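Close look at the chain arrangement
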Amino acid sequence: MTELERIDKAAAYVREVLGEAQIGMVLGSGLGDYVEALTDARMIPYDEIPGFPRATVPGHAGELWVGTLHGSRVLMMRGRFHSYEGHPLDDVVLPIRVMARLGIKTLILTNAAGAVNLNFAPGDLMLITDFINFSGKNPLTGPNIDALGPRFPDMSRAYDRRLRAIAAQAALEKGIELREGVYAWFNGPTYETPAEIRMARVLGADAVGMSTVPETIAAVHAGMQVLGISCLTNMAAGILEAPLSHREVTETAERVRGTFRTLLDSVIAKLNE
Ligand code: HPA
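Here goes a summary of the coordinates provided. (Residues numbered from 1 in each chain as written. Predicted model: local features only at pLDDT ≥ 70, side-chain atom pairs only at ≥ 80, totals over all residues. Heavy atoms only, no water.)

**What about the overall build of the protein?**
Note the threshold: Every helix listed is a DSSP run of H or I at least four residues long, and every strand listed is a run of E at least two residues long, numbered separately from the N terminus. As a reference, a globule follows 2.2 Å times the number of residues to the power 0.38, and the radius of gyration itself is taken over C-alpha atoms. Under the scheme applied here, a residue whose accessible area is under 20% of the maximum for its type counts as buried, over 50% as exposed, and between as partly exposed, the area being computed with a 1.4 Å probe on protein chains only. For accessible areas, the Shrake-Rupley method is used with a probe of radius 1.4 Å. Any residue's cover is judged against the shown protein chains and nothing else. His is not counted, nor are the chain ends; Lys and Arg add positive charge and Asp and Glu add negative charge. Charge positions are represented by NZ for Lys, CZ for Arg, CG for Asp and CD for Glu.
Regarding its fold elements, the protein presents 7 helices and 9 strands. For 273 residues, the compact-globule estimate of 2.2 N^0.38 gives 19 Å, and the C-alpha radius of gyration of the protein, at 17 Å, lies within 12% of that figure. Principal axes of the C-alpha set define a box for the protein whose edges measure 50 × 40 × 40 Å. Out of the 273 residues in the protein, the part that is buried amounts to 54%. When the accessible surface of the protein is summed, it comes to about 11,700 Å², and 51% of that surface belongs to carbon and sulfur atoms. When the 26 positive and 32 negative side-chain charges of the protein are each reduced to one mean point, those points stand 3 Å apart.

**Concerning the nonpolar core**
What counts, and what does not: The set of buried Ala, Val, Leu, Ile, Met, Phe, Trp, Tyr and Cys residues whose side-chain atoms join them within 4.5 Å is what this entry labels a nonpolar core. Between two residues, a contact is recorded if the distance between any of their heavy atoms is within 4.5 Å.
Ranked by internal contacts, the top residues of the largest apolar core, which has 51 residues, are V14, L75, I96, V98 and M99. Not counting the four nearest positions on each side in its chain, V98 is found in contact with I7, A10, A11, V14 and F52. The next biggest cluster of nonpolar side chains, apart from the first, holds 31 residues, and it includes L27, L69, I166 and A171.

**Quick look at the site of the ligand**
Here is the rule: One heavy atom within 4 Å of a molecule or strand is enough for the residue carrying it to be called near that molecule or strand. Whenever two N or O atoms come within 3.5 Å, that pair is a polar contact, provided that in protein one can donate a hydrogen and the other can accept it, and provided that, for residues adjacent in sequence, both atoms are side-chain atoms. Under the scheme applied here, ten amino acids are nonpolar (Ala, Val, Leu, Ile, Met, Phe, Trp, Tyr, Cys and Pro), four are charged (Asp, Glu, Lys and Arg), and all others, including Gly, are polar.
Taken together, A112, A113, G114, Y191, E192, V208, G209, M210, T233, N234, L244 and V249 make up the full set of residues adjacent to the ligand. Within the backbone of G114, a nitrogen or oxygen atom sits 3.3 Å from a nitrogen atom of the ligand. Coverage of the ligand by the protein amounts to 95% of the 260 Å² it exposes when considered alone. Put simply, the parts of the chain that give the shell around the ligand at least two residues each are strand 5 (106-115), strand 8 (207-209) and strand 9 (225-235). Counting residues per element, the shell around the ligand draws most heavily on strand 5, at 3 residues. Here the residues of the shell around the ligand sort into 7 nonpolar, 4 polar and 1 charged.

**Structural notes on the environment of H70**
With respect to the helices and strands, H70 occurs in the loop between strand 3 (63-69) and strand 4 (72-78). Separated by 140 residues in sequence, H70 and M210 place their C-alpha atoms 30 Å apart. A polar contact of 3.3 Å, which involves the side chain of H70, links it to the side chain of D265.

**With respect to the packing of aromatic side chains**
As a reminder, the rule being used: Stacked, tilted and edge-to-face are the three classes assigned to paired rings of Phe, Tyr and Trp, where Trp is represented by its six-membered ring and a pair needs centres within 6.5 Å; plane angles under 30 degrees give stacked, over 60 edge-to-face, the rest tilted.
Tallied over the entire structure, the rule returns 5 aromatic pairs. Between Y46 and F52 the ring centres are 5.5 Å apart and the planes differ by 50°, which places this aromatic pair in the tilted class. An identical accessibility class is assigned to Y46 and F52; each is buried. A connected cluster of aromatic rings, assembled from ring pairs, spans Y46, F52 and F81.

**Thoughts on the pairing of strand 6 (residues 125-133)**
Note the following rule: In short, DSSP must find at least two bridges between two strands for them to pair.
Most of strand 6 is tucked away, with 7 of its 9 residues classed as buried. One ladder, built from 8 bridges, connects strand 6 with strand 7 (residues 178-185); its direction is parallel. Looking at strand 7, one finds that I132 is bridged to A184. Across 3 bridges, strand 6 lies against strand 9 in antiparallel orientation. Following the sheet pairing, M126 is matched in strand 9 by S230.

Below you can see the structure in the form of structure tokens.
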């Protein structure tokens, strides 16, 4: 089976069980419960979708939802595949490519990230303006899938300007402070070293994380418009005295969840105006 056949097989199943959608969303750490906002919703566990990767953590397989939110049919990924789990990048971006084949043109990527910019603080939300790929990997490595997009896709506007303007306006109207900056992808699962964070800052990064960039690349390749928003859950390594912990990340994500959801709600409502 070719990669395109694998994508299309998964897409056919998702279309049959969940139906069509206009907006795709990847729910990052702490946002998984956002699926509860959907009405007329249907769900498939990832492990029932043909060709989908097997979860590396049993019981955390992830779910694909489609439902209505502010007048649009929205597909939500509750749980994503990370490269650090050992998933090949073809698998990491498979759900994004499935969305593209379902005709989804607008993709909202969310994540938890460490703040590299010293003017930012844990709990801030950051609109992603651009990315730096520090992983040395690229999901488009290998034969190009011409049916999806070009061999050498332009990344000069990876995050769509119109969507960024909508998010900025939504934040303004809701009185939510929205930072803006560059997201840098490190593979993980180790948090970065203080030296890596100093390097990332000098080279133009405002936040660091272990996801989102391969998904952005695959989405832009497939002609989708991408909006990326990070929840800055911690100051990146070496900035503060205290060591980094996953607990800090999940606790901050949990604390900001309500504000994050208010912002996303407002963005989705505006997309249907
Ligand atoms: N580094 C990488 N990924 C992260 C971080 C971080 O500091 N915080 C949340 N995800």
